[in-house]
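# Chain and residue survey
For reference, the chains in residue letters:
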Amino acid sequence: MGNASSMLTQYDIEEVQDYCHNLFSQQEIVSLYQRFCQLDRNAKGFISADEFLSVPEFAMNPLSQRLLKMVDGLNFKDFVAFLSAFTAKASIEQKIQLIFKVYDSDGNGKVSFNDILEVLRELSGSYISNDQREQVLTQLLKEAGYSRDSYLMLDDFIKVFGSSGLKMEVEVPVD
């Protein structure tokens, strides 16, 4: 599985479905496999950072470097698991877990004021000054019951974002 010259068997499809908690239909998994094989240009069975950057929408994303740390070297099953957070069927907790990983770039399980500030800097670029970003973030954390010195854990992200009606959905075209 993952080699462009191979085909998915029914067993492979069901295995990927189980691995991804049945968030994709069998048809969607086949479509995702075709896309995976297109991206895996050298048929290595995994997608490199450079191959991910060949997707214009990915390359243009201001958080692409953070996302690359999460996706570089994914095999097909992990590729589908990564994308599963973007399905309409994924729970709000699954979506928030992905967002948390984006902010927790060092993978230590906690997000600091500076981690959030860095993401805001990447998202806003030069449109907002560092001082403005710090003021906004300080106020936002204060309103949520945190301070600049607080470390946010996954549970804190779930508490803050859980009732936000967060939408992160990508449709998988089925041929």
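About the cut-offs
Residues numbered from 1 in each chain as written. Predicted model: local features only at pLDDT ≥ 70, side-chain atom pairs only at ≥ 80, totals over all residues. Heavy atoms only, no water. pLDDT = per-residue confidence, 0-100. Helix = DSSP H or I, 4+ residues; strand = E, 2+ residues; numbered from the N terminus. Expected span 1.5 Å × (residues − 1). Buried < 20%, exposed > 50% of the residue type's maximum accessible area, 1.4 Å probe, protein only. Phe/Tyr/Trp six-rings, centres within 6.5 Å; stacked < 30°, edge-to-face > 60°. Lys NZ or Arg CZ within 6 Å of the ring centre and 35° of its normal. Salt bridge = Lys/Arg side-chain N within 4 Å of Asp/Glu carboxyl O.

Okay, the confidence of the model for the protein chain next. Residues shown with low pLDDT carry predicted positions that ought not to be read at fine detail. Predicted confidence across the protein chain gives a mean pLDDT of 88, with 89% of residues reaching 70 or more. Per-element mean pLDDT across the protein chain ranges from 85 in helix α10 (residues 154–161) up to 96 in helix α1 (residues 10–19).

Moving on, we get to helix α8 (residues 113–124). Here α8 contains 12 residues, and its C-alpha end-to-end distance of 16 Å stays within 8% of the 16 Å for a straight helix at 1.5 Å per residue. Residues of α8 that are buried include every one of F113, D115, I116, L117, V119 and S124, and no others. Looking one or two residues beyond α8, the residue adopting positive phi is G125, at roughly 60°.

What follows deals with the packing of aromatic side chains. A complete count under the given rule lists 8 aromatic pairs for this structure. Plain terms: the ring middles of F36 and F76 are 5.5 Å apart, the flat faces sit at 70° to each other, and that makes the pair edge-to-face. Here the residue F36 occupies a position in helix α2 (residues 26–39), and F76 occupies one in helix α6 (residues 76–84), the gap between them amounting to 40 residues. Note on F36: relative accessible area 0%, which makes it buried. Overall, the relative accessible area of 1% leaves F76 in the buried class. Between F52 and F58, the ring centres sit 5.5 Å apart and the planes meet at 35°, which makes this aromatic pair tilted. Accessibility expressed as a relative area gives 13% for F58, which makes it buried. Every member of this aromatic cluster is reached through a ring pair, and the members are Y33, F36, F52, F58, F76 and F79. Above the plane of the ring of F46 lies K44, whose end atom (NZ or CZ) is 5.1 Å from the centre. Geometry around Y19 places K77 over its ring, the cationic atom sitting 4.6 Å from the centre.

The next thing to look at is the pattern of salt bridges. Considering all chains together, one arrives at 6 salt bridges under this definition. The shortest N-O distance in the salt bridge between E15 and K77 comes to 3.1 Å. With a gap of 62 residues between them, E15 in helix α1 and K77 in helix α6 connect regions that are remote in the sequence. When its relative accessible area of 26% is taken as the criterion, E15 is described as partly exposed.

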